[in-house]
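Chain by chain, the residues:
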Amino acid sequence: QVQLVESGGGLVQAGGSLRLSCAVSRSIRGINKMAWFRQAPGNQRDLVASISTGGITNYADSVKGRFTISRDIAKNTVDLEMSSLEPEDTAIYYCAARLWALSVEYEFWGQGAQVTVSS
């Protein structure tokens, strides 16, 4: 089992910045991939960014150049730095872990953190 706890959400004006953090209950060194997803009301849950065990990052087109995913192996945390925020970024943001490379889905999820961007 892996527990994920998000923190750092909140309300920010358009153009502002926020940093989300995900605390992981075990070493992230052996986790195949960590990711951030988001879900706005009425929408499906979409991948925002991911980082692999080798440090390779991947971003949704809508956040490229504005969001940065990073990890701290010593602290077992995965962060999402968000800048130039837009009202369209308003959503619940979820941290997720995929333990194995052959897994199709992310097996573990956090409870979510609300991010609200006002215009």
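Residues numbered from 1 in each chain as written. Predicted model: local features only at pLDDT ≥ 70, side-chain atom pairs only at ≥ 80, totals over all residues. Heavy atoms only, no water.

Only one face of strand S11 (residues 113–118) is covered, namely the one carrying Ala113, Val115 and Val117; the face carrying Gln114, Thr116 and Ser118 has none of its residues buried. Bridge count between strand S2 (residues 10–13) and S11: 4 bridges; the pairing is parallel. Residue pairing across strands places Gln13 opposite Ser118, the latter belonging to S11. Across 3 bridges, the pairing between strand S9 (residues 91–98) and S11 is antiparallel. (Buried < 20%, exposed > 50% of the residue type's maximum accessible area, 1.4 Å probe, protein only. Helix = DSSP H or I, 4+ residues; strand = E, 2+ residues; numbered from the N terminus. Pairing = 2+ DSSP bridges.)

Across the sheet, which stays open at both edges, the 4 strands sit in the order S1-S3-S8-S7 with antiparallel pairing between neighbours. In this open sheet, the two strands that pair with only one neighbour each are strand S1 (4–7) and strand S7 (67–72). Geometrically, the sheet is characterised by an average inter-axis angle of 15° between neighbouring strands, direction not taken into account. Pairing analysis gives 6 bridges linking strand S3 (residues 18–24) to strand S8 (residues 77–82), with the strands arranged antiparallel. Residue pairing in the sheet places Arg19 in a bridge with Glu81 of S8. (Axes fitted to C-alpha atoms, helices over the stretch in contact; angles between N-to-C directions.)

Any covalent bond linking the sulfur atoms of two cysteines counts as a disulfide. Per the counting criterion, the structure on display carries 1 disulfide. Here Cys22 engages in a disulfide with Cys95; their sulfurs sit 2.1 Å apart. Here Cys22 and Cys95 share a disulfide; its torsion about the S-S bond, -80°, makes the bridge left-handed. Placement of the pair is Cys22 in strand S3 and Cys95 in strand S9, with a sequence separation of 73 residues. For Cys22, a relative accessible area of 0% translates into the label buried. Of the residues examined, Cys95 reaches a relative accessible area of 0% and is grouped as buried. (Disulfide = S-S within 2.5 Å.)

By the definition in use, this model includes 6 salt bridges. Arg38 is the salt-bridge partner of Asp89, the closest N and O atoms lying 2.9 Å from each other. Of the two residues, Asp89 sits in the loop between S8 and S9 while Arg38 sits in strand S4 (residues 33–39), which places them 51 residues apart along the sequence. Residue Asp89 shares its accessibility class with Arg38, and that shared class is buried. The partner of Glu86 in a salt bridge is Arg66, with the nearest N and O atoms 4.0 Å apart. In this pair, Glu86 sits in the loop between S8 and S9 while Arg66 sits in the loop between strand S6 (57–59) and S7, placing the two residues 20 residues apart along the sequence. (Salt bridge = Lys/Arg side-chain N within 4 Å of Asp/Glu carboxyl O.)

The next subject is the side chain of Asp89. Relative accessible area serves as the criterion here: at 1%, Asp89 is assigned to the buried category. A polar contact of 2.9 Å, which involves the side chain of Asp89, links it to the side chain of Arg38. In contact with Asp89, not counting residues within four places along its chain, are Arg38, Arg66, Phe67, Ser84, Val115 and Val117. (Polar contact = N/O pair within 3.5 Å; in protein donor to acceptor, adjacent residues only side chain to side chain. Contact = heavy atoms within 4.5 Å.)

Take the nonpolar core next. If you look at the biggest cluster of nonpolar residues, it comprises 33 residues, and the most contacted ones within it are Leu4, Met34, Trp36, Leu80, Met82 and Tyr93. Sorting the residues of this core by element identifies S3, S4, strand S5 (46–52), S7, S8, S9 and S11 as the ones contributing at least two each. Those residues in contact with Leu80 that lie beyond four places of it in its chain are Leu18, Arg19, Leu20, Trp36, Val48, Ala49, Phe67, Thr68, Ile69 and Tyr93. (Core = buried A, V, L, I, M, F, W, Y, C linked by side-chain atoms within 4.5 Å.)

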